[in-house]
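# Chains, contacts and geometry: an overview
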Amino acid sequence: MTDRTNAWTKLAGGWIQVKVPLPFALKWVNSYLLPEEDGLSWTIIDPGLHTDDTIAFWEKTVAECGIAWSSIVRIVLTHHHPDHYGLAGWFQQRSGGAPVYISRIALDAAIRLWGEGETFSDELTRALIANGLAPELEADMREHLFSFRARVSPHPTDVRILEPGGRIRMGGAEWLMVRGDGHAPCHLSFYDPVAKQLLCGDQVLPDISPNIGWMPNADDNPLGSFLDSIAAMRSLEVEMAYPGHRDPFPDFRKRVEQLLEHHERRLAKMTELLGDVSVSAFEMCELLFGPKLRSNAHQLRFALAETIAHLIVLERRGVARRIEEAGRIRYERTG
Ligand SMILES: [Zn+2]
């Protein structure tokens, strides 16, 4: 069972940061509980992934925090990824029907990935094979993708759609909903211009670079969308940012600059690695990260999706050429 040291922390304004355990290298996802003006009810942001451990964790944490389940009146999601969306349906049931709030595009993505009769696991595995995934890893990858279905069920039934650019009242403040793309389609960050606070989900993270979530038949340039999204967010005056992973951090603009630089460095490195002989995204991924990823389907999927996203940007910038032959995609340096 989870180590309960610092499982939850009281923040300014009566907020509670809850570190919900994850069975991945990320270790935890942050859920935030925001007290409402009536002094009785709560809004929860991003409840976490559905596992036996997280259910036991939440039962214990909610009791320790002295919160009644029925006082949770709103479940707000930044994006559709399983470590954020996964427990939304369970929380809805456990709270006695609190509505779930999410953007339309994020909801559609959740249904596409894990809805009844989904074909996405197969579609993504085939797309990764086209990008050079070694055939002996195919079964692992498919199984890994299927394994998420249990971790995102049940799906919520009462869902309210959030419009990017609009406002939502929660935790005693009026929040502007800021759209971000590239990590996940129509990810929402919530900005309070009065207190200069930003609930930034996974759009901007301290210490780690948010994964660029390339998927087949979705955003055709997710890294480009990501760089544009975070560059636009630099105009926000932020005194404290509350991320989906790691801890709250004050220097939001600096972190955005670092992430922009990180991706430019990665693009430069890949330009160097692109030789005269063409490479698949999978080969490029191994040149960058080594063969150790083969033993971890989760890490490999993230690394490969991100490598594809970078190669697409190199192609758009005229540095790389994409060659497709017999359903196999490779890249070579131009000129
Ligand atoms: Zn996350």
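- For the chain, an unreviewed UniProt entry supplies the name MBL fold metallo-hydrolase and the organism Cohnella yongneupensis.
- The Function (unreviewed entry) comment attached to the chain in UniProt states, word for word, "Counteracts the endogenous Pycsar antiviral defense system. Phosphodiesterase that enables metal-dependent hydrolysis of host cyclic nucleotide Pycsar defense signals such as cCMP and cUMP."

## Re the sheet that holds strand β5 (residues 72-76)
- In space, the seven strands of this open sheet follow the order β1-β2-β3-β4-β5-β6-β7, with mixed pairing throughout. Looking at which strands have only one partner, the edges of the open sheet turn out to be β1 (8-10) and β7 (159-162). Across the sheet, the axes of successive neighbouring strands diverge by a mean angle of 25°, strand direction being ignored.
- Its contacts with the sheet put helix α1 (residues 52-64) on β1, β2 (16-21), β3 (28-35) and β4 (42-45), and the angle it makes with β2 is roughly 160°.
- Running at roughly 100° to strand β6 (residues 100-103), helix α4 (residues 104-114) makes contact with β6 and β7 of the sheet.

## Quick look at the packing of helix α7 (residues 222-233) against helix α10 (residues 297-316)
- Contact geometry of α7 with α10 gives a least axis separation of 7 Å together with a crossing angle of 85°. With respect to α10, the axis of α7 lies roughly perpendicular. Here Pro222, Leu223 and Gly224 of α7 come into contact with α10, specifically with Ala309, His310 and Val313.
- Its residues assigned to classes, the contact of α7 with α10 shows four nonpolar, two polar and no charged.

## Here we look at the layout of surface pockets
- In this structure, the largest pocket occupies an estimated 1000 Å³ of space.
- Listed by contribution, the elements that provide at least two residues to the lining of the largest pocket are α2 (82-85), α4, α5 (120-130), α8 (252-273) and α10.
- When residues in the lining of the largest pocket are grouped by element, the largest group, seven residues, is from α10.
- When its residues are assigned to classes, the lining of the largest pocket shows 22 nonpolar, eleven polar and eight charged.
- The set of elements that each furnish at least two residues to the lining of the second largest pocket consists of α10 and β14 (328-333).
- Taken together, the residues of the lining of the second largest pocket break down into six nonpolar, one polar and two charged.

## Some words on the coordination of the zinc ion
- In this structure, Asp83 (OD), His84 (NE2), Asp202 (OD) and His245 (NE2) serve as the protein donors to the zinc ion, at separations of 2.0 to 2.3 Å.
- Coordination of the zinc ion draws on donor residues from a single chain, spaced D-H-x117-D-x42-H in sequence. Residue Asp202 is located in the loop between β11 (197-201) and α7, and its partner His245 is located in the loop between β12 (240-243) and α8; the two are separated by 43 residues in the primary sequence. Of the two residues examined, Asp202 and His245, each falls in the buried class.

## Things to note about the packing of helix α6 (residues 138-146) against α10
- Close contact between α6 and α10 brings their axes to 9 Å; oriented N to C, the two are set at 95°. Taken together, the axes of α6 and α10 lie roughly perpendicular to each other. Between α6 and α10, the contacting residues are Asp140, Met141, His144 and Leu145 on the first element and Ala297, His298, Leu300 and Arg301 on the second.
- Grouping the amino acids of the contact of α6 with α10 by side-chain chemistry returns four nonpolar, two polar and two charged.

## What to know about the environment of Ile75
- Positionally, Ile75 belongs in strand β5.
- Excluding residues that lie within four positions of it along the chain, Ile75 makes contacts with Ile44, Pro47, Ala88, Phe91, Gln92, Ala98, Pro99, Val100 and Tyr101.

## Some points on empty space enclosed by the protein
- One pass over the full model with this rule turns up two cavities of 30 Å³ or more.
- In this structure, the largest cavity encloses a volume near 70 Å³.
- Around the largest cavity, the lining residues are Asp181, Gly182, Ala184, Pro185, Gly213, Trp214, Met215, Ala218, Asp219 and Pro222.
- Broken down by class, the residue content of the lining of the largest cavity amounts to six nonpolar, two polar and two charged.
- In this structure, the second largest cavity encloses a volume near 30 Å³.
- Every residue lining the second largest cavity is listed: Asn30, Tyr32, Ile45, Asp46, Thr78, Leu199, Gly201, Tyr242, Pro243 and Gly244.

Conventions and cut-offs
Residues numbered from 1 in each chain as written. Predicted model: local features only at pLDDT ≥ 70, side-chain atom pairs only at ≥ 80, totals over all residues. Heavy atoms only, no water. UniProt positions renumbered as here; feature names shortened; annotations may be inferred. Pairing = 2+ DSSP bridges. Helix = DSSP H or I, 4+ residues; strand = E, 2+ residues; numbered from the N terminus. Axes fitted to C-alpha atoms, helices over the stretch in contact; angles between N-to-C directions. Contact = heavy atoms within 4.5 Å. Parallel < 35°, antiparallel > 145°, perpendicular 65-115°, else oblique. Nonpolar A, V, L, I, M, F, W, Y, C, P; charged D, E, K, R; others polar. 1 Å grid on protein atoms, 1.4 Å probe; cavity = no way out; pocket = protein on both sides within 12 Å on 5 of 7 lines; lining within 4 Å. Points joined across faces, edges and corners; volume = space filled by probe spheres on them. Donors = N, O, S within 2.8 Å, 3.2 Å for Na, K, Ca; no water. Buried < 20%, exposed > 50% of the residue type's maximum accessible area, 1.4 Å probe, protein only.

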